[in-house]
Amino acid sequence: MSKLKLEHGVSRIRRAKLQSSIDQTIADDVELLAQWSNNETNYVVNELLRFALMQEEEFQRYKGSPAASTARSAVAAKSSPFPINKVSDPAAKPNTATPSAAAHT
């Protein structure tokens, strides 16, 4: 069995919002673990979930299957509510032809 390892003071990661309700006793323990490890609560929750997911062998097999790849592609496709403009896209560049309102003062 693996061991959960929390590094002290390492809590700056890219995040995605996931709303969930958890039991108060678990929330209290997570807060205490965050204080003990000198990390943000979000980091501790991420590490706990990552650890739990890695321990689940059946999930790991599913994650590696083609069905899971298709599901991840579908989730990634709908996760961005706004289209991402490339730098070469004219819509992504500021309009420099129109003078700003500050120039007319």
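Structure: above.
Bear in mind that the values here come from a model prediction, so they are computed numbers and not experimental data. (Residues numbered from 1 in each chain as written. Predicted model: local features only at pLDDT ≥ 70, side-chain atom pairs only at ≥ 80, totals over all residues. Heavy atoms only, no water.)

## Regarding the overall build of the chain
- Helices and strands together make up the secondary structure of the chain, namely 4 helices and 0 strands.
- N-terminal to C-terminal, the α/β element order of the chain is α-α-α-α.
- The 105 residues of the chain split such that 10% are buried.
- For the chain, the exposed surface amounts to about 9400 Å²; the carbon and sulfur share of it is 57%. (Helix = DSSP H or I, 4+ residues; strand = E, 2+ residues; numbered from the N terminus. Buried < 20%, exposed > 50% of the residue type's maximum accessible area, 1.4 Å probe, protein only. Areas by Shrake-Rupley, 256 points an atom, 1.4 Å probe, with all protein chains shown as cover.)

## Notes on the side chain of Asn39
- Note on placement: Asn39 falls in the loop between helix H1 (24-37) and helix H2 (41-55).
- Classification of Asn39 as buried rests on a relative accessible area of 9%.
- In this structure the side chain of Asn39 is engaged in a polar contact, spanning 3.1 Å, whose partner is the backbone oxygen of Ser37. (Polar contact = N/O pair within 3.5 Å; in protein donor to acceptor, adjacent residues only side chain to side chain.)

## Some points on unusual backbone geometry
- Phi at Asn38 takes a positive value of approximately 60 degrees, unusual for a residue other than glycine.
- Examined against the element boundaries, Asn38 turns out to sit in the loop between H1 and H2.

## What to know about the pattern of salt bridges
- On inspection of all chains with the given rule, the structure shows 1 salt bridge.
- With a shortest N-O distance of 2.4 Å, Glu47 and Arg50 are connected by a salt bridge. Of this pair, Glu47 and Arg50 both sit in helix H2, 3 residues apart, which is roughly one turn of that helix. (Salt bridge = Lys/Arg side-chain N within 4 Å of Asp/Glu carboxyl O.)

## Some thoughts on the packing of H1 against H2
- Where H1 meets H2, the axes come as close as 9 Å, and the angle between the chain directions of the two elements is 110 degrees. Relative to H2, H1 is oriented roughly perpendicular. Contact residues: Val30, Glu31, Leu33, Ala34 and Ser37 in H1; Thr41, Val44, Val45 and Leu48 in H2. (Axes fitted to C-alpha atoms, helices over the stretch in contact; angles between N-to-C directions. Parallel < 35°, antiparallel > 145°, perpendicular 65-115°, else oblique. Contact = heavy atoms within 4.5 Å.)

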